[in-house]
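# Fold and contact review
Chain by chain, the residues run as shown.
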Amino acid sequence: MSDDNGTPETAAAPTGGPRPEPLRFFGTTWVGHDHGYALRRAGVAAGSLLAAAAACLVLRFAYEGLQIADSGAFVSLLVVVMFAVCSALAFRHTWDAFTKRPDPDRQASLRGLLAIGFVGSLLAYFFRSLTEAPGEKLHRREYEEAREQYARRTTRRSGNPSKKRRRI
């Protein structure tokens, strides 16, 4: 058994070959879509949607706090626009991160924006989990490339080419 996700190691990769990278909540079940993969995907979709709904409720309470404080229409508008823009940018960034590896420096510089726009990230996670495990396409492509490279490195030629008989 794998120590992180509880899936059998034999389902992950043949011995001696490249090993797939585990995904959050899925482990290596994304390779063969086994060991409750569909149930996990449904759970992740429902969980991320519930978390996004709860986050929107918390944001509503924060907005009502601004209304009670009577901070003015301009401040309320700025807060709403800020959360909408940050959520849209976080959605796009999270969605792109499922298909290509994000640049670590850019990721670090966007950390604050992604924290503010967490609702967008949760919604991106929800929508991606409706079709696949979030990040599965990227990991599958990398895993297939690693397997091809491993197969090319480990295949052996048959015989010594210098001792090959020449055809007359």
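Within every chain, residues take consecutive numbers counted from 1 along the sequence as written. Restriction of local features to residues with pLDDT of at least 70 applies here, the model being predicted, together with a cutoff of 80 or more for giving and counting side-chain atom pairs; totals for whole chains, interfaces and linings are based on all residues. Computation of side-chain values: all heavy atoms of the structure, hydrogens and water removed.

## Some points on the layout of surface pockets
Both site types are read off a 1 Å grid over the protein atoms alone. A 1.4 Å probe that fits but cannot get out defines a cavity, while an open set with protein on both sides within 12 Å along at least five of seven lines defines a pocket; lining residues have an atom within 4 Å of a point. Grid points are joined across faces, edges and corners, and a volume is the space filled by probe spheres set on the points. Roughly 520 Å³ of internal volume is contained in the largest pocket. Taken together, 18 residues make up the lining of the largest pocket; nearest its centre are Arg 24, Thr 94, Ala 97, Phe 98 and Tyr 125. Elements supplying a minimum of two residues to the lining of the largest pocket: α3 (73-97), α6 (118-129) and α7 (136-154). Ranked by residue count, the leading element in the lining of the largest pocket is α3, at three residues. Throughout this entry, Asp, Glu, Lys and Arg are counted as charged residues, while Ala, Val, Leu, Ile, Met, Phe, Trp, Tyr, Cys and Pro are counted as nonpolar. The remaining residues, Gly among them, count as polar. In terms of residue class, the lining of the largest pocket is built from nine nonpolar, six polar and three charged. The computed volume of the second largest pocket comes to approximately 190 Å³. Contributing to the lining of the second largest pocket are 13 residues, with Arg 92, His 93, Asp 96, Arg 106 and Leu 110 lying nearest its centre. Only runs of H or I of at least four residues qualify as helices and only runs of E of at least two qualify as strands under DSSP, and these elements are numbered from the N terminus. Secondary structure elements with two or more residues in the lining of the second largest pocket: α3 and α4 (104-109). Sort the elements by how many residues they give to the lining of the second largest pocket and α3 lands first, with five residues.

## As for unusual backbone geometry
Phi is positive for His 33, which is not a glycine, with a value near 50 degrees. Note on placement: His 33 falls in the loop between α1 (9-12) and α2 (37-69). For Asp 70, which is not glycine, the phi torsion reads 55 degrees and is therefore positive. The class of Asp 70 is exposed, set by a relative accessible area of 67%. To sort residues, take the accessible area from a 1.4 Å probe on protein chains only and compare it with the maximum for the residue type: under 20% means buried, over 50% means exposed, and anything in between is partly exposed.

## Looking at the packing of α2 against α3
Lines fitted to the C-alpha atoms define the axes, with helices restricted to the stretch that makes contact. Angles between their N-to-C directions range from 0 to 180 degrees. Direction vectors running N to C along α2 and α3 enclose 165 degrees, while the axes themselves pass 10 Å from each other. Considering the angle they form, α2 stands roughly antiparallel to α3. Helix-helix and strand crossings are classified by hand; for α2 and α3 the assignment is right-handed. Mapping the contact onto sequence places Leu 59, Tyr 63, Leu 66 and Gln 67 in α2 and Val 75, Ser 76, Val 79, Val 80 and Phe 83 in α3. Among the residues making up the contact of α2 with α3, the classes are represented as seven nonpolar, two polar and no charged. By definition in this entry, angles of less than 35 degrees are roughly parallel, angles greater than 145 are roughly antiparallel, angles of 65 to 115 are roughly perpendicular, and the rest are oblique. In this scheme the handedness of a crossing depends on how the near helix is turned from the far one: anticlockwise by less than a right angle means left-handed, clockwise means right-handed. A contact between two residues is defined here by any heavy atoms of the two lying within 4.5 Å.

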